[in-house]
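Results of the structural survey
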Amino acid sequence: MNLTSFPGHRRATAAQHLAAALLGGALFSPAISADYSSFKFSPETPYYVEDNKVDFGTYNGFRRYHSECHTCHGPAGMGSAYAPALMKSMEVLTFDQFVEVVINGRTGMDQRVMPGFASNLNVLPYISDLYAYLKARSDGVVGTARPPNFPKVKP
Amino acid sequence: MTLMKNQIVLVVVAAGLVYYVGDRAGQQRTDAAAPPAAAVAATAPTPAGDGSAAAPTAKPQLAVASDFAQASLTELQNDPNIWVMQNGNYASTRYSALDQINAVNAKDLQVAWTFSTGVLRGHEGGPLVLGDVMYVHTPFPNKVFALDLNNDGKILWKYEPRQDTSVIPVMCCDTVNRGLAYAEGKIFLYQADTTLVALDAKTGTKLWSVVNGDPTKGATGTAAPMVVKDKVYVGISGGEFGVRGYLTAYNTADGAQVWRGYSMGPDSDTLMDPEKTTHLGKPVGKDSGTATWEGDQWKIGGGTTWGWYSYDPELNLVYYGTGNPSTWNPNQRPGDNRWSMTIFARDADTGMAKWVYQMTPHDEWDYDGVNEMLLVEKEIDGVMRKLLVHFDRNGFAYTMDRLTGELLVAEKFDPVVNWATHIDMDTGRPQVVAEFSPAANGEDVNTKGICPAALGTKDQQPASYSPRTGMFYVPTNHVCMDYEPFQVSYVAGQPYVGATLSMFPPEGKDHLGNFIAWDAVKGEIKWTIPEKFSVWSGALATAGDVVFYGTLEGYLKAVDAKTGEELYRFKTPSGIIGNVNTYTHNGKQYIAVLSGLGGWAGIGMAAGLTEPTEGLGAVGAYSSLSDYTQLGGQLTVFAIPN
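Only a predicted model underlies this, so the values are computations on that prediction, with no experimental measurement involved. (Residues numbered from 1 in each chain as written. Chains lettered and ligands numbered in written order. Predicted model: local features only at pLDDT ≥ 70, side-chain atom pairs only at ≥ 80, totals over all residues. Heavy atoms only, no water.)

**What to know about the overall build of chain B**
Counting secondary structure elements, chain B contains seven helices and 41 strands. Taken over 642 residues, chain B has a buried fraction of 69%. Put simply, chain B shows about 18,700 Å² of open surface, and 50% of that area lies on carbon and sulfur atoms. (Helix = DSSP H or I, 4+ residues; strand = E, 2+ residues; numbered from the N terminus. Buried < 20%, exposed > 50% of the residue type's maximum accessible area, 1.4 Å probe, protein only. Areas by Shrake-Rupley, 256 points an atom, 1.4 Å probe, with all protein chains shown as cover.)

**Quick word on the UniProt feature "active site" (unreviewed entry) in chain B**
Those residues carrying the UniProt feature "active site" (unreviewed entry) are Asp366(B) in this numbering. In this fold, Asp366(B) is placed in the loop between strand E21 (353-358) and strand E22 (373-380). (UniProt positions renumbered as here; feature names shortened; annotations may be inferred.)

**Considerations on helix H6 (residues 127-138) of chain A**
Residues and elements named next belong to chain A. Spanning twelve residues, H6 covers 16 Å between terminal C-alpha atoms, matching the ideal 16 Å at 1.5 Å per step. Counting buried positions along H6 yields eleven of twelve residues, so the element is predominantly enclosed. Residues Ile127, Asp129, Leu130, Tyr131, Ala132, Tyr133, Leu134, Lys135, Ala136, Arg137 and Ser138 constitute the buried set of H6. Packing partners of the buried residues in H6 comprise helix H3 (56-73), helix H4 (86-92) and helix H5 (95-104). Following H6 by one or two positions, Gly140 has its phi on the positive side, about 80°. (Expected span 1.5 Å × (residues − 1). Contact = heavy atoms within 4.5 Å.)

**Looking at the state of the cysteines**
All names here are of chain B. Following the criterion strictly, the structure yields one disulfide over all chains and no others. Between Cys451 and Cys480 runs a disulfide, and the two sulfur atoms are separated by 2.1 Å. Every disulfide takes its handedness from the sign of the S-S torsion; for Cys451 and Cys480 that torsion is 100°, giving right-handed. Of the two residues, Cys451 sits in the loop between strand E28 (447-450) and strand E29 (464-466) while Cys480 sits in strand E31 (residues 480-485), which places them 29 residues apart along the sequence. The same class applies to Cys451 as to Cys480, namely buried. (Disulfide = S-S within 2.5 Å.)

**Some words on the sheet that holds strand E17 (residues 282-283) of chain B**
All names here are of chain B. Within the open sheet, the six strands sit side by side as E17-E16-E21-E20-E19-E18. Their pairing is mixed. Taken across any chain shown, the strands that pair with only one partner, and hence form the sheet edges, are E17 and strand E18 (310-312). Sheet topology note: the strand E20 (residues 342-347)/E21 ladder contains five bridges and is antiparallel. Across the sheet, Thr342 pairs through a bridge with Gln358, a residue of E21. (Pairing = 2+ DSSP bridges.)

**Quick notes on the layout of surface pockets**
All names here are of chain B. Estimates place the volume of the second largest pocket at around 600 Å³. Lining the second largest pocket we find 27 residues, and of these Gln77, Asn78, Asn89, Ala91 and Thr93 sit closest to its centre. For the lining of the second largest pocket, the leading source of residues is E22, giving three residues. Among the residues forming the lining of the second largest pocket, the class breakdown is 14 nonpolar, seven polar and six charged. (1 Å grid on protein atoms, 1.4 Å probe; cavity = no way out; pocket = protein on both sides within 12 Å on 5 of 7 lines; lining within 4 Å. Points joined across faces, edges and corners; volume = space filled by probe spheres on them. Nonpolar A, V, L, I, M, F, W, Y, C, P; charged D, E, K, R; others polar.)

**Points about the nonpolar core**
Residue and element names in this part refer to chain B. With 99 residues, the main nonpolar core has Tyr135, Tyr182 and Phe548 as its most contacted residues. At five residues, strand E40 (residues 588-595) tops the list of elements feeding residues into this core. If you look at the next biggest cluster of nonpolar residues, it comprises 42 residues, including Ala91, Phe396, Met400 and Val479. (Core = buried A, V, L, I, M, F, W, Y, C linked by side-chain atoms within 4.5 Å.)

**Digging into the pattern of salt bridges**
Residues and elements named next belong to chain B. Counting across every chain of the model gives 31 salt bridges over all chains. The salt bridge partner of Asp269 is Arg244, with a shortest N-O separation of 2.9 Å. Here the residue Asp269 occupies a position in helix H3 (residues 267-270), and Arg244 occupies one in the loop between strand E13 (231-234) and strand E14 (246-251), the gap between them amounting to 25 residues. Between Lys557 and Glu531 there is a salt bridge, and its shortest N-O distance comes to 2.9 Å. Taken together, the residues span a long stretch of sequence, with Lys557 in strand E37 (residues 555-560) and Glu531 in strand E34 (residues 524-531) at a distance of 26 residues. Across the pair, Glu531 and Lys557 agree in class, each one buried. Salt bridges sharing partners connect three or more residues here, namely Asp312, Glu314, Glu377, Lys386 and Arg402. (Salt bridge = Lys/Arg side-chain N within 4 Å of Asp/Glu carboxyl O.)

**Notes on the pairing of strand E24 (residues 396-401) of chain B**
All names here are of chain B. By the criterion of burial, E24 is predominantly enclosed, with six of the six residues buried. Neither face of E24 is open: one carries Phe396, Tyr398 and Met400, the other Ala397, Thr399 and Asp401, and all of them are buried. Two successive antiparallel strands, strand E23 (residues 383-391) and E24, enclose a turn made up of four residues, where Gly395 displays a positive phi of approximately 95°. Of the pairings in the sheet, the one linking E24 to strand E25 (residues 407-412) comprises five bridges and is antiparallel in character. Opposite Ala397, over in E25, you have Glu411 as the bridge partner. Between the end of E24 and the start of E25, which pair antiparallel, lie five residues, with Gly405 showing a positive phi angle near 80°.

**What to know about the confidence of the model for chain B**
Residues and elements named next belong to chain B. Looking at chain B as a whole, the pLDDT averages 87, with 85% of positions reaching at least 70. With pLDDT under 50 throughout, residues 1-63 is counted as low confidence; its partners more than four residues away or in other chains account for 175 contacts. Below a pLDDT of 50 lies the segment residues 605-622, which in the model reaches 61 contacts outside its immediate sequence neighbourhood of four places, other chains included. As scored by the predictor, the complex reaches a pTM of 0.85 and an ipTM of 0.70. (pLDDT = per-residue confidence, 0-100.)

**Section: the environment of Ile82(B)**
Residues and elements named next belong to chain B. Its place among the elements puts Ile82 in the loop between helix H2 (73-76) and strand E2 (95-96). Sequence spacing of Ile82 and Asn371 is 289 residues, and the spatial spacing of their C-alpha atoms is 24 Å. If sequence neighbours within four positions are ignored, Ile82 has contacts with Phe68, Leu76, Val129, Leu130, Gly131 and Thr582.

**A look at the pairing of E20(B)**
Residue and element names in this part refer to chain B. With respect to burial, E20 is a largely interior element, five of its six residues being buried. In the sheet, strand E19 (residues 317-321) pairs with E20 via five bridges, with the strands oriented antiparallel. Its bridge partner being in E20, Tyr320 is matched across the sheet by Phe344. The hairpin formed by E20 and E21 contains five residues between the paired strands, and Gly351 there has a positive phi angle of roughly 85°.

**Some points on empty space enclosed by the protein**
All names here are of chain B. Under the criterion given, the structure shown has eight cavities of 30 Å³ or more. The calculated volume of the largest cavity comes to roughly 140 Å³. Sorting the residues of the lining of the largest cavity by element identifies strand E8 (181-183) and strand E12 (226-228) as the ones contributing at least two each. Taken together, the residues of the lining of the largest cavity break down into twelve nonpolar, five polar and no charged.

**Comments concerning the sheet that holds strand E41 (residues 634-639) of chain B**
Hydrogen bonds between backbone groups are what pair the strands of a sheet, and the pairing can be parallel or antiparallel. Residue and element names in this part refer to chain B. Strand order across the open sheet formed by four strands is E3-E41-E40-E39, with antiparallel pairing between neighbours. Where the open sheet ends on each side, the last strands, each with one partner, are strand E3 (110-116) and strand E39 (581-585). The mean inter-strand angle of the sheet, taken between neighbouring strand axes irrespective of direction, is 30°. Pairing between E3 and E41: six bridges, direction antiparallel. What sits directly across from Phe115, in E41, is Leu635. (Axes fitted to C-alpha atoms, helices over the stretch in contact; angles between N-to-C directions.)

Pasting the structure below:
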């Protein structure tokens, strides 16, 4: 079994990204492995990857990112003229710092404004999913395209 | 993805309207003795048909735009020497009767002068030209420059509004602005924060301002205003924030609100008469603007009005389209969601809706209906008719009777359009293909290979029409998508999208745009020019039988109006999403265009994106743009050397 598991263990290759993109959606209901069944989000192990498939939370983070964050931070999280590149921010932000910024927003220099999302029901309930996705992006484990995913595991 | 629109909402308003009258000192007409524009036009040099420049000596001295203050826009738009509104005229044909630059000599075009706006981000729209003054606008912070054409473009005055930067995060798809309006010696600026400002055209002094929406609820301003008689019309952006769209008419003298017509809501809000307002010839019935919504969903229903407005002076009707219903997840809003995705014909004086036509009932793809309406007269089945031609995001080009709203022609203007087989001409409804229906496939399912993508076969970039060739010239997108809807909750002022998409070229294709010539009576493409990227600039057709447009790489191109043969290209400093225009100064014809990559098409580029992707997604498709151009805001003016 090609077990990748947690951040830092391995960075996916370009070829794997390509394969993932080509297969995305086609293998939408993969069997749940024993390892994935026991996976639980934590700031230290925010995502799970196996055979290029990500856990449902990371996948949901992808969806939420593109619905809520993409307009400013760009389709690949690479930032814009008024929003920083999240791929760089995620290398230094702790989970707690990440949550703090998303909740309270941030007023930076020039025309940069990060709105607070404390009242956004499409963001706060999924903040660990967003963190997982962005961390996986920053770690190079998932690319910019839709990641193939494991189904949701019932708690 | 993203939002391509600029959207808005307003939820509030009626009572909370904040408008005030500012410094009126500059308002008196100090140029009452100036000749009316019509007289100016009559004495202006007549361009020679052979392409040789007319003698410049006959031109009267025109100091500033306020010299035109005595003439109505209906008169001014007939003067080809000036460019008085964004789309050239009330009919939005972007056609100029100038012919000094023609299909023979266009190859000799050169850059005459340039002007940096000092602002990055996407530069949509283009300058207005009135006599010896050019008015240039920018994206947020929405600066306005008045340039003296008699003095190498020296800045006569500059206006920069103070706007809260918190409006930036609620602007979908970049901080664009589609241009200024002019009337009665005033320049009208519609700011990102929805403030509509009237400036003295001569001095730049603010005469009055009025707030049209609430950015804290996601409402923003991106559209170019339009003036009819004594009223100035503006719409609202914010469809991705659950804003309920409306068009508002303000008095040009003092900014007092005259009427406001909502896209959805009870008849008192939509300004509809259940018996007299028609949809395809039939009365719409009572409260048609709430009847196809579940519960109170119409209150956050979208249908914003961020596109273009046209006007027929004979019928006294204003035409415009409404945007997508909110949210993008169709499963959360059952019903036809009227009147989102709808062409409106409203009485210019009262706002009452005469007829409506909903192109995409119960939208599942984000096919906003806001693109411009071109008003032309053509013979159909042996009878001359007043027509409205509209190239919709949904990939169909509609030809309608603009008096009655009768549907005459509806055909695909890109063969790859696959979400519907055709439009049923009796019901006006697209015949949706289940395979490409996110609503049919359900939430959390990724529907693949839908053409066109959410940015449509054509987005806001305005088309052009030449009465000489009888053809329409249309900048188009050639992009498909995967679309996955999911549950979202509405929170005022927060994005309300509920879908994830990926965009890519049609199968087997490696280009993302086409520039086409279209026959609106037959519903046929006459010729096609493939373009590497989406064509996001507004086109211009002239009596010289030359058609101009810009590309995302930054080329200003001139092509033969009859054949599409390329006559000239010049690479400006940044990608072009602005609209090409033309005018004369001292009897000589010029071509002007704004460069400045951004807007929806440039989001990947604007984001500084360089990372290669898997070949899926808009970013992947557009990322190579950075190999061709960079951000920048510049006006480039072209002429044929003496």
